[in-house]
Amino acid sequence: MIPLNRSNILKVVGVERRRVVRKFFVALMEKTVKMNGGDYSVVEEESKAGFGGGVEDVYGEDSATEDQLVTPWTVSVASGYTLLRDPHHNKGLGFNEKERDAHYLRGLLPPAVFTQELQEKKLMHNLRKYDVPLHRYMAMMDLQERNERLFYKLLIDNVEELLPVVYTPTVGEACQKYGSIFSRPQGLYISLKEKGKILEVLKNWPEKSIQVIVVTDGERILGLGDLGCQGMGIPVGKLSLYTALGGIRPSACLPVTIDVGTNNEQLLKDEFYIGLRHKRATGQEYAELLDEFMNAVKQNYGEKVLVQFEDFANHNAFELLSRYRSTHLVFNDDIQGTASVVLAGLIAALKLVGGTLADHTFLFLGAGEAGTGIAELIALEISKQTKAPLEETRKKIWLVDSRGLIVSSRKESLQHFKKPWAHEHEPVKALLDAVKAIKPTVLIGSSGVGKTFTKEVVEAMSSFNKKPLILALSNPTSQSECTAEEAYTWSKGRAIFASGSPFDPVEYDGKVFVPGQANNAYIFPGFGLGLIISGAIRVHDDMLLAASEALAVQVAQENFDKGLIYPPFTNIRKISAHIAAKVAAKAYELGLASRLPRPKDLVKYAESCMYSPIYRSYR
Ligand SMILES: NC(=O)C1=CN([C@@H]2O[C@H](COP(=O)(O)OP(=O)(O)OC[C@H]3O[C@@H](n4cnc5c(N)ncnc54)[C@H](OP(=O)(O)O)[C@@H]3O)[C@@H](O)[C@H]2O)C=CC1
Ligand SMILES: CC(=O)C(=O)O
Ligand SMILES: [Mg+2]
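Residues numbered from 1 in each chain as written. Chains lettered and ligands numbered in written order. Predicted model: local features only at pLDDT ≥ 70, side-chain atom pairs only at ≥ 80, totals over all residues. Heavy atoms only, no water.

As recorded in an unreviewed UniProt entry, the protein chain goes by Malic enzyme and comes from Quercus rubra. In its Sequence similarities (unreviewed entry) section, the UniProt record describing the protein chain reads: "Belongs to the malic enzymes family." (UniProt positions renumbered as here; feature names shortened; annotations may be inferred.)

### Quick word on the packing of aromatic side chains
Within the structure shown, the criterion is met by twelve aromatic pairs. Each ring, one from Tyr 488 and one from Phe 497, has its centre 6.1 Å from the other, and the planes form 75°; the classification is edge-to-face. For Phe 497, a relative accessible area of 0% gives the class buried. Through a chain of ring-to-ring contacts, the aromatic side chains of Tyr 488, Phe 497, Phe 503 and Phe 513 assemble into a single cluster. Taking NZ or CZ as reference, Lys 91 lies 4.4 Å from the ring centre of Tyr 618, over its face. A cation over a ring is seen here: Arg 394 above Trp 421, with NZ or CZ 5.7 Å from the ring centre. (Phe/Tyr/Trp six-rings, centres within 6.5 Å; stacked < 30°, edge-to-face > 60°. Buried < 20%, exposed > 50% of the residue type's maximum accessible area, 1.4 Å probe, protein only. Lys NZ or Arg CZ within 6 Å of the ring centre and 35° of its normal.)

### Some words on the sheet that holds strand β6 (residues 329-332)
The parallel open sheet is built from five strands, whose spatial order is β2-β4-β3-β5-β6. What marks the edges here is a single partner per strand, and that holds for β2 (188-191) and β6. Across this sheet, the average inter-strand angle for adjacent strands is 25°, counted without regard to direction. In the sheet, strand β3 (residues 212-216) pairs with strand β4 (residues 253-259) via five bridges, with the strands oriented parallel. From the neighbouring strand, Val 214 faces β4, where its bridge partner is Pro 255. (Pairing = 2+ DSSP bridges. Helix = DSSP H or I, 4+ residues; strand = E, 2+ residues; numbered from the N terminus. Axes fitted to C-alpha atoms, helices over the stretch in contact; angles between N-to-C directions.)

### Describing the domain arrangement of the protein chain
Each assigned domain of the protein chain is listed with its residue range as follows: domain 1 (6-46 + 73-112), domain 2 (118-328), domain 3 (336-521) and domain 4 (522-608). Listed by partner, the interface residues are eight residues for domain 1 and eight residues for domain 2. A combined buried area of about 580 Å² lies between domain 1 and domain 2, and 34% of that area is made up of carbon and sulfur atoms. Contact with domain 2 buries surface across domain 1, with Pro 87, His 88 and Asn 90 losing the most and accounting together for 77% of the total. Across the domain 1-domain 2 interface, the total number found is six residue pairs in polar contact (both at pLDDT 80 or more). Among the residues forming the side of domain 1 that touches domain 2, the class breakdown is two nonpolar, four polar and two charged. (Domains from an automatic or database assignment. Contact = heavy atoms within 4.5 Å. Buried area = accessible area lost by both parts, 1.4 Å probe. Polar contact = N/O pair within 3.5 Å; in protein donor to acceptor, adjacent residues only side chain to side chain. Nonpolar A, V, L, I, M, F, W, Y, C, P; charged D, E, K, R; others polar.)

Here it is in structure tokens:
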């Protein structure tokens, strides 16, 4: 006789659930494809081949039509008070009369029944009443913990308005104050206390089918420095964009913060700090914890789980990427995602400034993850275009760090990631002098230090460029190298400007200039989707180039006319599907895709895999 314990109950429920759901799902898919005038045999072929790395709709929730009923599965069927407290299935006033009867909700809700649209309208109305951005952030996090589908509906439908709330700049302030505003925990905390037990900790997470992990150790949170355990806001925020912008289902996303301590004295003294209260572990102790984490992740979720490293300090970031890129599906957003989004902006900007990439000269303020990551991808793209060796193409790219221009006389003392950029030149200390000496056509800020693109710097750029291209990438807004208004005013309306955190449109000399947002949020959601739908097992630089090209072609003439070099975020799901398709196509071309056979139309396939936040009807 099978013993009646939790694990056996789960197995029985799981098998039965899969059997019922599969039958239902096949019938549903056939109906949906035929309704859309499609050929079901094609889908069937692809489905028989298994859902290799596809974004699985195991319970048929996303493909269900409005009149099709789905079951709100938990371990058992959720009902009554438990159902109202389960953010995956709760609909609040959105439960209809039948559902209120069937799921023991009578009396637990007031009589009114709201549509999801009405709930959305009410919430947006309430959110707009908050003057303090952090209060909007807290209201959004509260919603995410209460009613997940409504949270994503709001975020998807109001992306331009809500991105600055759940992401930069407000998420930066939220991380700084995370201890004080902490109410319900989000994500998985893995601290040194869990050393030797990380696999068990992963098993505590309620979801088993994880496709994307965003992990930070909190040491370089945006341009705000070491925020220790309070960096959790970043993986949580990035993963909400994976869902809203890239269509990865929320249950497949796992935010992780690795806590090895913090060197932030203020936090160590803060009575509300939520992390380990000691200095950061380094060296072998750090490496062993990270290694245990990476192995546990692969053991628990398999070869195809994507691990995105986020906001690690550069002394660990490059090392982690190079250690795990050949054994795991890993991606460093600050190095690689940022590189891809900036390259896309540059490719698009050529329509406004003219020439090819090879005709331009690039100067960076900041030679860390973002700066050298972008520089390397530009050099690679030019090398592919011109067939010139990388050593040659790097020569048009210059970087300034906290000690001045990176030149060959400094080579011995440079960190390894800066060495390729140490070109022959006399030492130059200040950015303004470097601008005057190098005469760049493109100036990129990736220093994490605000107000460093001064009036003199922007004027110098404008003195030898008809249309100076200026990107102030540092986040949040307080760390931006200059504001949009400064860039347009100081360049007398000639600058083409984009920034990491959003700025409002600026009126200068009777003309309205719309600044773009050069942020990796354009890339990572679609990039991750492309890896997942192709079942990619490794990330390759050519996939980053493919993503850049896919994004650059999405900039329409009407965007260029406003001075934009990125498309608006309003179309981001469509854009993500195109990025995903190009990334997946590259994975197939490189032999790195494991989902076979290759879907015929990758854009359509990517779109069909995307999570939809529309409520489902419960039987
Ligand atoms: N828009 C976007 O999508 C993204 C934006 N970012 C932003 O970019 C910034 C930097 O991130 P990241 O590259 O990871 O950080 P790093 O710490 O890796 O690099 C920072 C670099 O800036 C240099 N620097 C610091 N202060 C100065 C200064 N006063 N003058 C000149 N150089 C200076 C540092 O010099 P040294 O090496 O000498 O210390 C270092 O080279 C952050 O604000 C981050 O938010 C990052 C990723 C994506
Ligand atoms: C956008 C981002 O990844 C950063 O500022 O770190
Ligand atoms: Mg980052």
